[in-house]
Amino acid sequence: MTAVTPLIHQSASTTAEFTIRDVIEGQTAGHLIVAADDWGWWTALLSGESIVPTTGIQQTVADGLIRAGFLARRGHRYQLTHTGHDVGKNRGFVRVAVRGWEPTFRQVSDSAHREHISAATDPGAVALGCSDIARRKPEFFAGIGHAIATGTPGCTIDLGCADAGRVTALAGLAPRERFLGVDIEAGVIADATTELAAKGLSDRITLLAGSVQPEAEPPAWLDRVDRDAVTTAMSFFLLHQLASDGGGITPVLRGWMDWFPNLRRLVIGDGYLVEATSWTQQPWFSPTYEIYHSLTGVRLWTRQQYESAFADLGWSIARRMEDHTMLVTTILERE
Ligand SMILES: C[S@@+](CC[C@H](N)C(=O)[O-])C[C@H]1O[C@@H](n2cnc3c(N)ncnc32)[C@H](O)[C@@H]1O
């Protein structure tokens, strides 16, 4: 039986001080933000268009977004407020947390006896949310695309490519490069393959389903790849997880270097651990991010841990791009 402790009024320095209203309205706002995104509202609003709800459901969502302070009404049209602009730009994080991670948080109720629970995600929601997060910084793509397009064309692989959002964007920036994407979610890969065919990109981008975790035996998908042709390896928001299961950052990177002997460039984007004494002191988005990882036992790694692994394996930092103190993309090169 769990001991019941009396209610304690804690000081503001140690608690987040959420009210019951914040808890319930925050959850509802998250659902409304995702629904509005599925209808294309944020894309339209961020490009300067206003929206006009045409059904009862649309009207209710628009009114909810007004109450949350994200939209303002001008006649029968709705426009973004300053906060709404911020929410729209960051809607990928909302989708990942509200829809993508919901299956993990749902398991907590039945898991009081465990140290950790396995991450259970909605893979489509994670893929779409992550692609939206990537789109926040088109200048990062420009930087990566420029690096890939400069010099001899080769083949770029995206390890943990999700819905191929990043390789598709980069294919437009580096027209002579060929691209490969690999992800463990076969359903996400199947849907993305269909989309690529519809866009006429199948000859330049190949997607494969399988694990990119280096193990004692190479994965089956590697047999279908011209390993010598791969000159750039990218991975976004996955290395921390592979490193947790695979003995650290260095062994995972070394595994990829063994798979692709002619690798001359690495592009690693990941969420870094920011040192703080309590989760509420972590920068924006990180509190929930930290709780999700603590529940699943997946470790987060500091910038120093990433950079010493890069240096140990002979990689030099050509460019570091920080979207946020904890979201860092590094372009690495070696002779
Ligand atoms: C947080 S998402 C990042 C998606 C994408 N890289 C991005 O940043 O837009 C992590 C992705 O890695 C995939 N993944 C997880 N474990 C994997 C593994 N062992 N091998 C390949 N992909 C994996 C998931 O299916 C998911 O698509």
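Everything below is about the structure printed above this text.
Residues numbered from 1 in each chain as written. Predicted model: local features only at pLDDT ≥ 70, side-chain atom pairs only at ≥ 80, totals over all residues. Heavy atoms only, no water.

In this structure the tally under the stated criterion is 13 salt bridges. A salt bridge links Arg 303 to Glu 307; the shortest N-O distance between them is 3.5 Å. Of this pair, Arg 303 and Glu 307 are both found in helix α14 (residues 303–312), four residues apart, which corresponds to roughly one turn of the helix. The salt bridge involving Glu 322 is made with Arg 303; its shortest N-O contact spans 3.0 Å. A residue pair is termed long-range when its members are at least 10 positions apart, and Glu 322 in strand β8 (residues 316–324) and Arg 303 in helix α14 qualify at 19 residues. For Glu 322, a relative accessible area of 39% corresponds to the partly exposed category. Residue classification places Arg 303 among the partly exposed residues on the basis of a relative accessible area of 33%. Through salt bridges that share partners, Asp 37, Asp 38, Arg 91, Arg 95 and Arg 99 make up one connected network. (Salt bridge = Lys/Arg side-chain N within 4 Å of Asp/Glu carboxyl O. Helix = DSSP H or I, 4+ residues; strand = E, 2+ residues; numbered from the N terminus. Buried < 20%, exposed > 50% of the residue type's maximum accessible area, 1.4 Å probe, protein only.)

With respect to the helices, strands and loops of the structure, Asp 158 is situated in strand β3 (residues 155–159). Counting along the chain gives 10 residues from Asp 158 to Ile 148, while the straight-line C-alpha distance between them is 13 Å. Among all residues touching Asp 158, those that are not within four sequence positions of it are Arg 166, Val 167, Leu 180, Gly 181, Val 182, Met 234, Ser 235 and Phe 236. (Contact = heavy atoms within 4.5 Å.)

Turning to unusual backbone geometry, a few remarks are in order. Trans is the prevailing form of peptide bonds, just as negative phi is the prevailing case for residues other than glycine. Residue Ala 162 is not a glycine yet carries a positive backbone phi of 50°. Relative to the assigned elements, Ala 162 resides in the loop between β3 and α9 (165–173). In this model, Phe 237 sits at a positive phi of 60°, which is unusual for a non-glycine residue. Its place among the elements puts Phe 237 in the loop between β6 (230–236) and α11 (239–245). Using a relative accessible area of 24% as the deciding quantity, one classes Phe 237 as partly exposed.

Over the atoms, a rolling probe the size of a water molecule traces out where space has been left empty. Counting across every chain of the model gives two cavities of 30 Å³ or more. There is about 140 Å³ of room inside the largest cavity. In this structure, the largest cavity is lined by 13 residues; those nearest its centre are Ala 134, Phe 140, Arg 166, Asp 323 and Thr 329. Elements supplying a minimum of two residues to the lining of the largest cavity: α7 (123–135), α8 (138–149) and β9 (327–333). Split into classes, the residues belonging to the lining of the largest cavity amount to nine nonpolar, one polar and three charged. In this structure, the second largest cavity spans a volume of roughly 30 Å³. If you go around the second largest cavity, the residues you meet are Phe 93, Arg 136, Trp 284, Phe 285, His 324, Met 326 and Leu 327. Class assignment for the residues of the lining of the second largest cavity results in five nonpolar, one polar and one charged. (1 Å grid on protein atoms, 1.4 Å probe; cavity = no way out; pocket = protein on both sides within 12 Å on 5 of 7 lines; lining within 4 Å. Points joined across faces, edges and corners; volume = space filled by probe spheres on them. Nonpolar A, V, L, I, M, F, W, Y, C, P; charged D, E, K, R; others polar.)

A separate point is the packing of aromatic side chains. Evaluation of the coordinates by the stated rule reveals eight aromatic pairs. Between the aromatic rings of Trp 101 and Tyr 292, the centroid separation amounts to 4.0 Å while the plane-to-plane angle is 5°, which identifies the pairing as stacked. Highlighted residues: Trp 101 in the loop between α5 (91–100) and α6 (102–107) and Tyr 292 in helix α13 (residues 286–296), separated in sequence by 191 residues. For Trp 101, a relative accessible area of 7% gives the class buried. Look at Tyr 272 and Tyr 306: their rings are 4.3 Å apart centre to centre, the planes differ by 10°, and that puts the pair in the stacked class. Here Tyr 272 is found in the loop between β7 (265–271) and α13, whereas its partner Tyr 306 is found in helix α14, with 34 residues between them in sequence. Within the aromatic cluster, the residues linked to one another by ring pairs are Trp 101, Phe 105, Tyr 289 and Tyr 292. Directly above the ring of Phe 236 sits Arg 166, whose terminal nitrogen or CZ lies 4.0 Å from the centroid. (Phe/Tyr/Trp six-rings, centres within 6.5 Å; stacked < 30°, edge-to-face > 60°. Lys NZ or Arg CZ within 6 Å of the ring centre and 35° of its normal.)

This part takes up the nonpolar core. Counting residues in each nonpolar core, the largest one holds 35 residues, and the members touching the most others are Ile 157, Val 212, Trp 221, Leu 253, Trp 256 and Phe 260. Mapped by element, the contributors of at least two residues to this core are β3, β4 (178–183), β6, α11, α12 (249–259), β7, α14 and β9. Per-element accounting of this core gives the leading share, six residues, to α12. If sequence neighbours within four positions are ignored, Trp 221 has contacts with Ile 157, Leu 159, Val 182, Leu 208, Ala 209, Gly 210, Ser 211, Val 212, Trp 259 and Phe 260. Among the nonpolar cores identified, the runner-up in size contains 24 residues, and Val 167, Ala 174, Leu 196 and Leu 207 belong to it. (Core = buried A, V, L, I, M, F, W, Y, C linked by side-chain atoms within 4.5 Å.)

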